[in-house]
Each structure stands twice: as C-alpha cells, then as structure tokens.
Amino acid sequence: MFRLFKAKPEKIPPSVAPLTLLPGSEGEHFLQQKYGTTQRALRFYDKQVLNYLSPVMKEFIARQEVLFIATSDKHGDCDCSFRFGRPGFVRALNDNYLVYPEYRGNGVMASQGNIVENPHIGMIFVDFFASTVGLHVNGKAKLVENADLIKFRKELPQDVLAEMNAEGQFRPERWIMVEIEEAYIHCSKHIPLLKKAEKEITWGTDDDGLKRSDFFALHDIPLYHRIGGEPAIQAITEALTLRLLLDNKLRPVLDEINLQTLLDKQRSFLKTAFGADGTERNLSNHENLREFYRQQTHPRMNELLLDMAITHLKETLVDLDVPTHEITRLFENLTLKKSA
C-alpha cells in the first residue's frame, strides 16, 4: 500500500528530503509539518490505517446499505456520488478485494465513465443508525460484467451468484471491483445518529414522480442555461454557419451577407429561441418564430430555402447533442409555414 516518495516540507530542500513509507499523499505530509499535526497523524497512521480489510471491517461493510463514492476522469475533474442497496449489497471477496453492483440508473454513468479513464476511487461507508462510525476504503476500481465476474466463482459469495441470476430490476447491470489500497476509520464524534424510517423503494423505475426528478425545478430554467450558456451558443453558431455556407443552394444568397453579420444573426436567433433573456420565446407563436429565423438568415429567403436552412439548424443541434425533446419542441414551430 505505502507509496515511496520524497516529502517536501517547507524548510527541507527537495534534494535532501527524507524518504518515507507512510500512507497518504505528499501534500498531506507537507501540511502536517506546516500546521504542526505530524505526531497526531503518525499515531493515526500507526493505529488505524491498513492496506487491506480487517475481519471487523468486512463485518461492518456487510451491514451497510449506503456507499458514498468519489471518482475523477483522466484530467482530474471529480464526481461524488452514492450507491444504495439492501444491507450487505457491497461484498468483500477477501481481504484485498470488494465488489458492489451497478443497478439500472439514469444512463449517464458518470462514475463508471471516470473509472474507465482513471481507476482511482475513494469510498466511505457511514453507519448513521447504530455505531455512527465511518469506514474509508480507497483503491483501484474496474468495471466487471456479470459474465466476467463468474470467472471468480470460487471466491464469490452465494448471494452474489443469486443476484447475478436474478431477473428484472434486482439484477445488476454490471459490477465494480475494487482492489484495496487504504482502509481506515472515520471517527464517530461528528456523525449524527439518525432514526431509520420505512420507505417503499421502487427499483429501476423511470417514473419521474417516484424519482422526484424535478425537485430542483430545473424545468423552469431556460434551455440557454441548461445547455451551457454562451460557450454552447458559440459552438452551435459556428457549426451551423459552416453548414449553411457549404450548401451550394444557400450560398449564393448568403454570400450577400458579411460572414461576421451572418454569425451574429445566427447567434441572436439561438439566444432568443433558447431563452438567454431568462424566458424562452413564445414557441406557440408559429409565424413569429419562423419569420424571426428568416430575418436572421436572409429577409428575401423563400420558403424552400428557409426550409433548407432550418434542416441544417436541426442537424447541427442533433450533432451537438442538444436534447431530442428540446429540438422537437423548437421544430414543431419552425417547420410550420407562415400561413399556418
């Protein structure tokens, strides 16, 4: 577990810094010396930190229903999440490895995506209901499909095999296997003691009501902000303008317009339609929205050319992964003719 490196306290030149086999990062050792906590830290390392799971740690994990995890991608951009399951849903395979299931979720797979790029993972189990003790487990993780986990059959607990063979929402999509590098206590003194209440859990549901998906009222926030604001508008504008100028039927008309003017007008339309002013344009006003886009492209553009420009707009939004339902909402109005 222990990494060999040179510590760099402020008063010791790096060239003569002592070697150490202590757990933890160079940064934490630097700060321990800077703020005078070295002796306290050494006592903690000596008494509390292991590079494997002790028998009592494994028993503790077998009782937990909640796991908090921290991962980062190859650039160091971080994500913190949590996993829930029935007591003991995280299983220690032995002293050096544990696995936890990945059930059906929202499909984003942020934590799993980070693990694909960067295997380092930080985990903490917290017992809010009895001991008010936490357990940190840090290590290297990898994704393991159900079929591949069976290769470890001799070490797999029977309940893991049963869960892999389950049907419906209780069957994991895959597993995360973690090789233990550090395991240590999070002391009880600041952890609140909570009382557990009964709650009916609907596993694997897509029901927004049960999920309380709009608890933070994000549906009330204009699309402009939800897709990333000005940088997103700029990316869409540049991609759309290039598409328009590469269309041989549109280019003769658009060549009458200065390139910067065309960019500015496309940006103006997108910002207005996506609600940059805080409220999205009234999309029920079919004639105005379609006519507004005509003005931002070329006032003398006929209906056929306007439809071609609108098609390029749609393809640009699709290519840049603007949500499908937002594109549909916008184009239900843009594709209606002025006489509608």
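Just above sits the structure.
Residues numbered from 1 in each chain as written. Predicted model: local features only at pLDDT ≥ 70, side-chain atom pairs only at ≥ 80, totals over all residues. Heavy atoms only, no water.

1. Comments concerning the overall build of the protein
Phase 1: Each helix and strand counted, the protein has 14 helices and nine strands in total.
Phase 2: Per-residue burial over the protein gives 38% buried out of 340 residues.
Phase 3: Sequence-distant contacts, at least 24 apart, represent 65% of the contacts inside the protein between residues at least 6 apart.
Phase 4: For the protein, the accessible surface area stands at approximately 20100 Å², while carbon and sulfur atoms represent 54% of it. (Helix = DSSP H or I, 4+ residues; strand = E, 2+ residues; numbered from the N terminus. Buried < 20%, exposed > 50% of the residue type's maximum accessible area, 1.4 Å probe, protein only. Contact = heavy atoms within 4.5 Å. Areas by Shrake-Rupley, 256 points an atom, 1.4 Å probe, with all protein chains shown as cover.)

2. Quick notes on the environment of P222
Phase 1: Here P222 is to be found in the loop between α7 (208-211) and α8 (223-226).
Phase 2: The exposure class assigned to P222 is buried, which follows from its relative accessible area of 8%.
Phase 3: Each C-alpha atom of the pair P222 and A273 lies 9.6 Å from the other, and the pair is 51 residues apart in sequence.

3. Remarks on the layout of surface pockets
Phase 1: Its volume calculated, the second largest pocket comes out at about 400 Å³.
Phase 2: Looking at the second largest pocket, the residues that line it are N106, D208, K211, R212, S213, D214, F215, F216, L218 and H219. (1 Å grid on protein atoms, 1.4 Å probe; cavity = no way out; pocket = protein on both sides within 12 Å on 5 of 7 lines; lining within 4 Å. Points joined across faces, edges and corners; volume = space filled by probe spheres on them.)

4. Concerning the packing of helix α9 (residues 230-246) against helix α13 (residues 303-319)
Phase 1: Look at α9 against α13: their axes get within 9 Å of each other, and the N-to-C directions meet at 135 degrees. On the basis of their axis angle, the class for α9 and α13 is oblique. Crossing angle aside, the handedness with which α9 passes α13 is right-handed. Between α9 and α13, the residues in contact are I236, A239, L240, R243 and L244 and A309, H312, L313, E315, T316, L317 and D319, respectively.
Phase 2: Among the residues making up the contact of α9 with α13, the classes are represented as seven nonpolar, two polar and three charged. (Axes fitted to C-alpha atoms, helices over the stretch in contact; angles between N-to-C directions. Parallel < 35°, antiparallel > 145°, perpendicular 65-115°, else oblique. Left-handed = near helix turned anticlockwise from the far one by under 90°. Nonpolar A, V, L, I, M, F, W, Y, C, P; charged D, E, K, R; others polar.)

5. With respect to the environment of P87
Phase 1: Its location among the elements puts P87 in the loop between β4 (78-84) and β5 (91-92).
Phase 2: Taking the C-alpha atoms as reference points, P87 and R63, 24 residues apart in sequence, are found 5.1 Å from one another.
Phase 3: Residues contacting P87, with those up to four places away along its chain left out, are A62, R63, Q64 and E65.

6. Some words on a positive patch on the surface
Phase 1: A cluster of like positive charges, contributed by R40, R43, K47 and K189, occupies part of the molecular surface.
Phase 2: With respect to the helices and strands, R43 occurs in helix α2 (residues 38-48).
Phase 3: Residue class for R43 comes out partly exposed when judged on its relative accessible area of 48%. (Patch = residues over 30% accessible without salt bridge, like charges linked within 9 Å, V, L, I, M, F, W, Y side chains within 5 Å. Salt bridge = Lys/Arg side-chain N within 4 Å of Asp/Glu carboxyl O. Lys, Arg positive; Asp, Glu negative; His and termini not counted. Charge placed at Lys NZ, Arg CZ, Asp CG, Glu CD.)

7. What about the pairing of strand β6 (residues 97-102)?
Phase 1: In terms of residue burial, β6 counts as a mostly covered element, since five of its six residues are buried.
Phase 2: The pairing of β5 with β6 spans two bridges and is antiparallel. Counted as the bridge partner of A92 is L98 from β6.
Phase 3: Linking two consecutive strands that pair antiparallel, namely β5 and β6, is a turn of four residues.
Phase 4: For β6 and strand β9 (residues 174-186), the ladder comprises six bridges, and the chain directions are antiparallel. Note on β9: the bridge partner recorded for Y100 is I176. (Pairing = 2+ DSSP bridges.)

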